[in-house]
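Structural features, examined
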Amino acid sequence: MNFHGGNIYEYNEDILDFSSNINPFGVSKKLKDEIYKRMDEVARYPDINYKRLKDNVARYLSVRSDMVTVGNGAVDIIYRAVSSIPKDKVFIMAPAFSEYRKSAEMSGKEYFEISAFDFSKKDFDCDFFDRNIEDNSIIIVCNPNNPTGKAIEKERILKLLDSAKEKNSFVILDETFIEFTCDEDKYSMVSSCLYYDNLIVIRAVTKFFGIAGIRLGYGVCKNSDINFKIENNSKPWDVNTFAVICSDVVFWDNEYIEKTREWIDSERKFVYENISKIAGFEIYETNSNFFMIKTEVSSDIIQKKLLKHNILIRQPKGFTGLSNNFIRVAVKDRLSNEKLINALRSEFVG
């Protein structure tokens with residue numbers, strides 16, 4: 001069973017989707033103009049080796065092009081990485097994205113979801129997680145984490161990475177939401193890929209750049225053997241021409257990037273301050289573009305009441321370690337955020 005946000009198609013077209021955490025600015029004008037200008041390129045196959053696309057990613061992240069693999073979204077890279085790494089067990093830091101365990105199942109590997117989030121401290125216990133990892137395993141960590149929104153500082157990830165090396169284990173680090181932290185130097189491990197051969201960092205353009213439908217993900221790994229296996233574990237032309245064009249534009253669209261950073265900084269504070277004042281809703285601080293909220297009533301009740309306002313939220317289905325008294329809501333534009341807050345107040349206050 002697939003559990004994801006963004007399943008708006010069974011609702012009316014006016015639904016306000018807080019279940020899917022996509023940049024509300026959507027496709028940038030520069031990208032729209034570039035796609036329109038280069039539309040005729042779809043008449044031919046893209047470069048099967050994706051040299052320019054890999055060069056663009058490498059330049060954006062300041063790594064070597066031979067360290068980059070590309071795919072049809074981050075999930076594609078995750079699945080191929082799990083099946084390509086020669087380990088039989090997978091240890092997942094939970095709560096976590098459901099596709100991690102599905103990737104292990106699809107690869108015929110035993111998996112363990114370790115509930116490492118300390119709800120009282122509102123932080124991950126990395127030492128507890130590390131103690132539960134067996135030797136010769138695959139370790140999957142999402143940073144910032146989905147669904148908690150919590151980011152783990154680079155120093156703690158490095159400690160986990162060093163321990164993994166001692167255990168002959170390989171780390172898959174999903175940084176899909178890292179740009180939303182607005183402080184990649186504090187959290188991102190991309191630069192560490194230059195020094196660790198037991199690490200792959202996976203990202204996508206989906207969330208931050210507001211182009212979920214284009215499906216462009218990429219991985220960075222120093223280990224040439226693993227990269228070779230991931231590349232061989234793909235189908236020809238998995239990445240489409242629009243994704244290649246996208247890579248020529250979005251990484252250098254500084255106006256869009258800066259506007260997004262200003263938006264997330266402002267709206268993240270606005271949503272947190274307002275929902276934290278609503279009795280019965282405990283909102284957790286986030287480093288991403290969504291909030292995890294603990295509720296006194298079940299998520300089913302909240303979903304039903306908010307749908308009367310044409311608002312869709314993310315329920316905890318698919319997230320290990322979360323009861324039905326949790327929801328996740330995206331951070332959107334001010335008008336949409338106000339609609340969510342007012343709907344919660346009207347349904348649950350007084």
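Counting of residues starts from 1 at the beginning of each chain's written sequence and follows it residue by residue. In keeping with the predicted nature of the model, local features appear solely for residues at pLDDT of at least 70, side-chain atom pairs appear and are counted solely at 80 or more, and the whole-chain, interface and lining totals rest on all residues. Side-chain numbers come from the whole structure's heavy atoms, not from hydrogens or water.

In the nomenclature of an unreviewed UniProt entry, the protein is known as Aminotransferase class I/II-fold pyridoxal phosphate-dependent enzyme of Candidatus Fimicola merdigallinarum. The annotation that UniProt attaches to the protein under Cofactor (unreviewed entry) is "pyridoxal 5'-phosphate". UniProt positions are given in the numbering used here, feature names are shortened, and annotations may be inferred rather than shown by experiment.

1. Overview of the sheet that holds strand β14 (residues 326-330)
An order of β11-β12-β14 is seen for the three strands of this open sheet, with the pairing classed as antiparallel. The open sheet is flanked by β11 (281-283) and β14, the only strands paired with a single partner. In this sheet, neighbouring strand axes are inclined to one another by 30° on average, regardless of whether the strands run parallel or antiparallel. Here β11 pairs with strand β12 (residues 290-295) via three bridges, running antiparallel. Bridging across to β12, Ile-283 finds its partner in Ile-293. The criterion for strand pairing is that DSSP finds at least two bridges linking the strands in question. Helix and strand assignments follow DSSP, with helices taken as H or I runs no shorter than four residues and strands as E runs no shorter than two, numbered in order from the N terminus. Axis definition: a line fitted to C-alpha atoms, over the contacting stretch in the case of helices. Angles run 0 to 180 degrees between N-to-C directions.

2. Some points on unusual backbone geometry
Of note, the amide linkage connecting Ala-94 to Pro-95 takes the cis form, showing an omega dihedral of 5°. Within the secondary structure, Pro-95 is located in the loop between β3 (89-94) and α4 (98-106). In this structure, Pro-144 follows Asn-143 across a cis peptide bond, with omega equal to -5°. Residue placement: Pro-144 occurs in the loop between β7 (138-142) and α6 (154-166).

3. Here we look at helix α10 (residues 254-275)
In an α-helix, one turn spans 3.6 residues; hence positions three or four apart end up facing the same way. To estimate how far a helix should extend, the number of its residues minus one is multiplied by 1.5 Å. A rise of 1.5 Å per residue sets the reference length of α10, with its 22 residues, at 32 Å; its end C-alpha atoms lie 31 Å apart and thus fit the reference within 8%. Burial classification: accessible surface area is computed with a 1.4 Å probe over protein chains only, and a residue below 20% of its type maximum counts as buried, one above 50% as exposed, and the rest as partly exposed. Those residues of α10 that fall on the buried side of the exposure criterion are Tyr-256, Ile-257, Thr-260, Trp-263, Ile-264, Glu-267, Arg-268, Phe-270, Val-271, Asn-274 and Ile-275. We call two residues in contact when some of their heavy atoms are within 4.5 Å. Against β11, β12 and α12 (334-348) lie the buried residues of α10.

4. With respect to the pairing of β7
Among the five residues in β7, five count as buried, and that is most of the element. Summarising the sheet, β3 and β7 pair through three bridges and their orientation is parallel. When the bridges of β7 are listed, Ile-92 appears paired with Ile-140. With five bridges joining them, β7 and strand β8 (residues 170-174) adopt parallel strand pairing. By the bridge assignment for β8, Val-141 is matched with Leu-173. Seen with its strands pointing away from the viewer, a crossover is right-handed when the path leading from the first strand over the helix to the second is clockwise. With α6 bridging β7 and the parallel β8, this β-α-β connection has right-handed handedness.

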